[in-house]
Amino acid sequence: EKAAAYINIKPRTAYQVKKYLKDKGYEDDIIAEAVDQLKEYHYIDDMEYSLMYFRHGFEKGRGVSRIKRELSEKGVSSDVIDIAYEELEDIPDQFEMAMEIGRGAVAGIDIKELDFDTKQKLKAKIGRRLMSRGFSSDVVYKVIGRLID
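Please read all numbers here as calculations on a predicted model, not as lab measurements.

Details of the overall build of the chain
Within the chain, the regular secondary structure consists of nine helices and zero strands. Beginning at the N terminus, the succession of helices and strands in the chain can be written as α-α-α-α-α-α-α-α-α. For 149 residues, the compact-globule formula gives about 15 Å, and the C-alpha radius of gyration of the chain, at 20 Å, lies well above that figure. Reported as C-alpha extents along the three principal axes, the dimensions of the chain are approximately 65 × 30 × 25 Å. Within the chain, the proportion of its 149 residues that are buried is 38%. In the chain, once contacts between residues fewer than 6 apart in sequence are set aside, the share between residues at least 24 apart is 61%. Roughly 9600 Å² of accessible area belongs to the chain as shown, and the carbon and sulfur atoms make up 47% of that amount. The average position of the 26 basic charges and that of the 29 acidic charges among the side chains of the chain differ by 9 Å.

What follows is the structure in structure tokens.
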């Protein structure tokens, strides 16, 4: 019942449910049984959760690396994460997503008027913002090159 109430709030991974029940003091065999039942009735499904999490992450402007890392932190196996990513039908172009975020960072700034040091600081700012969003370094460098160089 505790597990059902926990997943009723929002979707969870099998690991999250196990951890929740463990923190509530339940025995391992009870936890395993509860998780198996929830999986059997498709109340928890790490594959579906991963697909949903990718879509949500893309909507929020996150890069693939960050989404994969967050799924891993939620206890989803790397195999499930990779399969879910491959099964996605609408994978947004990472470069275009990063460009949009980068354009927002330079909006209202006349880059041609900036001195070398200020340009370097702006490049670093954009780089940090994009890396924290989970974009790969090659995408980050391309965006910086396109916007500032």
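That shown, we press on.
Focus on the packing of helix 2 (residues 14-23) against helix 3 (residues 28-40)
For the pair helix 2 and helix 3, interaxial distance at closest approach is 10 Å and the crossing angle is 145°. In this structure, the crossing between helix 2 and helix 3 has a hand that is right-handed. On helix 3, the residues touching Ala14, Val17, Lys18, Leu21 and Lys22 of helix 2 are Asp28, Ile31, Ala34, Val35, Leu38 and Lys39.

Observations regarding the nonpolar core
If you look at the biggest cluster of nonpolar residues, it comprises 30 residues, and the most contacted ones within it are Phe54, Phe58, Leu71, Ile126, Leu130, Phe135 and Val143. Every element with two or more residues in this core is listed here: helix 4 (46-59), helix 5 (64-73), helix 6 (78-87), helix 7 (94-106), helix 8 (116-132) and helix 9 (137-147). Of the residues forming this core, the biggest block, seven residues, is contributed by helix 7. Once you skip the residues sitting within four places of it in the chain, Val143 turns out to touch Phe95, Ala98, Met99, Gly102 and Leu130.

Structural notes on the side chain of Gln94
Here Gln94 shows up in helix 7. The residues touching Gln94, leaving out its near neighbours within four places in the chain, are Phe58, Gly63, Val64, Phe135 and Val139.

Some remarks on the environment of Ser50
With respect to the helices, strands and loops of the structure, Ser50 is situated in helix 4. Under the relative-accessibility criterion, Ser50 is labelled buried at 0%. A sequence separation of 30 residues divides Ser50 from Val80, and the C-alpha atoms of the two residues are 7.7 Å apart. Sequence-distant contacts of Ser50, that is, excluding residues within four places in its chain, are made with Leu71, Val76, Val80 and Ala84.

Focus: unusual backbone geometry
What you tend to see is this: most non-glycine residues have negative phi, and most peptide bonds are trans. Within the chain, His42 stands out as a residue other than glycine whose phi angle is a positive 60°. Residue placement: His42 occurs in the loop between helix 3 and helix 4. The exposure class assigned to His42 is exposed, which follows from its relative accessible area of 63%.

Some remarks on the pattern of salt bridges
In the structure shown here, the tally under the stated rule is seven salt bridges. Residue Asp28 is joined to Lys22 by a salt bridge in which the shortest nitrogen-to-oxygen separation is 2.7 Å. For Lys22, a relative accessible area of 44% corresponds to the partly exposed category. For the salt bridge of Arg66 with Glu70, the shortest nitrogen-to-oxygen distance reads 2.8 Å. Taken as a pair, Arg66 and Glu70 lie in helix 5 at a separation of four residues, close to a single helical turn. Like Glu70, Arg66 is buried.

Procedures and definitions
Residues numbered from 1 in each chain as written. Predicted model: local features only at pLDDT ≥ 70, side-chain atom pairs only at ≥ 80, totals over all residues. Heavy atoms only, no water. Helix = DSSP H or I, 4+ residues; strand = E, 2+ residues; numbered from the N terminus. Rg over C-alpha atoms; globule rule 2.2 N^0.38 Å. Buried < 20%, exposed > 50% of the residue type's maximum accessible area, 1.4 Å probe, protein only. Contact = heavy atoms within 4.5 Å. Areas by Shrake-Rupley, 256 points an atom, 1.4 Å probe, with all protein chains shown as cover. Lys, Arg positive; Asp, Glu negative; His and termini not counted. Charge placed at Lys NZ, Arg CZ, Asp CG, Glu CD. Axes fitted to C-alpha atoms, helices over the stretch in contact; angles between N-to-C directions. Left-handed = near helix turned anticlockwise from the far one by under 90°. Core = buried A, V, L, I, M, F, W, Y, C linked by side-chain atoms within 4.5 Å. Salt bridge = Lys/Arg side-chain N within 4 Å of Asp/Glu carboxyl O.

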